[in-house]
Amino acid sequence: MTMSITDLCLLVDDMDRSIAFYRDAMGLKVKRLDTGFAEFHAGPTTLALWLRNDIAANLDAPGLRKPGTGIMAAVRLADPEAVDAEVARLEGSGITMSHAPQAWPWNAYAAYFNDPDDHLWEIYSWMGAPRTL
């Protein structure tokens, strides 16, 4: 059996701020809202947001209350032109790139930005065939 990742859940500190960011700035459509929880349509994967304090209390896991989860989410596009177009759209909606689109040594053309809870996002395309080890 091959495992498929169906959901990516980000822990957030302010649900209203995060919903506004993902819905209004990134343009994702809301799939479901619940107390302390939100889901967005994101292609074959669901992007979920969960209030950090809510899940920490429910799981009795105080370590989850600490910011900085060490996660990066990525969106792969067809080519560098598509990356440039998506970056322009995101910047037009108020998102500031931490790194402008450029060619990187790992054979990707990519731009980076952070969401309101400092999760890192990458918008990229491969330049030619991806390198393999």
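The structure under discussion appears in the preceding block.
This section reports on the structure supplied with the text. Computed from a predicted structure; not experimentally measured.

Roughly 440 Å³ of volume is contained in the largest pocket. When residues of the lining of the largest pocket are assigned to their parent elements, the largest contribution, five residues, is made by strand β5 (residues 72-76). A breakdown of the residues in the lining of the largest pocket according to their chemical character gives 14 nonpolar, three polar and three charged.

Strand order in the open sheet formed by four strands is β1-β4-β3-β2, with mixed pairing between adjacent strands. Where the open sheet ends on each side, the last strands, each with one partner, are β1 (7-12) and β2 (29-34). Ignoring which end each strand starts from, the neighbouring axes of this sheet average 20° apart. The strands touched by helix α1 (residues 15-25) within the sheet are β1, β2, β3 (37-42) and β4 (45-51), with β4 carrying the most contacts at an inclination of about 160°.

Glancing now at the packing of aromatic side chains. Taken as a whole and judged by the stated rule, the model has nine aromatic pairs. Ring centres of F37 and W50 lie 5.5 Å apart, and the angle between their planes is 85°; on these two criteria the pair is classed as edge-to-face. Taken as a pair, F37 in strand β3 and W50 in strand β4 lie far apart in primary sequence, 13 residues in all. For F37, a relative accessible area of 14% corresponds to the buried category. With relative accessibility at 27%, the residue W50 sits in the partly exposed group. Between Y124 and W126 the ring centres are 5.4 Å apart and the planes differ by 75°, which places this aromatic pair in the edge-to-face class. For Y124, a relative accessible area of 12% translates into the label buried.

So, how was this worked out
- Going along each chain's sequence as written, the residues are numbered from 1 onward.
- Side-chain atom pairs in this predicted model are given and counted only at pLDDT of 80 or more, local residue features only at pLDDT of at least 70, and totals for whole chains, interfaces and linings cover all residues.
- Just so you know, side-chain values use all the structure's heavy atoms and leave hydrogens and water out.
- The method works on a 1 Å grid over the protein atoms by themselves. A cavity is a set of points holding a 1.4 Å probe that cannot get out, a pocket is an open set with protein on both sides within 12 Å along at least five of seven lines, and residues with an atom within 4 Å of a point line them.
- Grid points are joined across faces, edges and corners, and a volume is the space filled by probe spheres set on the points.
- To qualify as a helix, a DSSP run of H or I must reach at least 4 residues; to qualify as a strand, a run of E must reach at least 2; elements of each kind are numbered from the N terminus.
- Under the scheme applied, nonpolar residues are Ala, Val, Leu, Ile, Met, Phe, Trp, Tyr, Cys and Pro; charged residues are Asp, Glu, Lys and Arg; polar residues are all the others, including Gly.
- Being paired, for any two strands, means DSSP has found at least two bridges between them.
- Each axis is a line fitted through C-alpha atoms, and for a helix only the stretch in contact is used; angles between axes span 0 to 180 degrees, taken between their N-to-C directions.
- Residues are treated as being in contact if the distance between any of their heavy atoms lies within 4.5 Å.
- Pairing of aromatic rings covers Phe, Tyr and the six-membered ring of Trp, with a centre-to-centre limit of 6.5 Å; geometry is then stacked below 30 degrees between planes, edge-to-face above 60, and tilted otherwise.
- The classification of residues rests on relative accessible area computed with a 1.4 Å probe and restricted to protein chains. Under 20% of the type maximum is buried, over 50% is exposed, and intermediate values are partly exposed.

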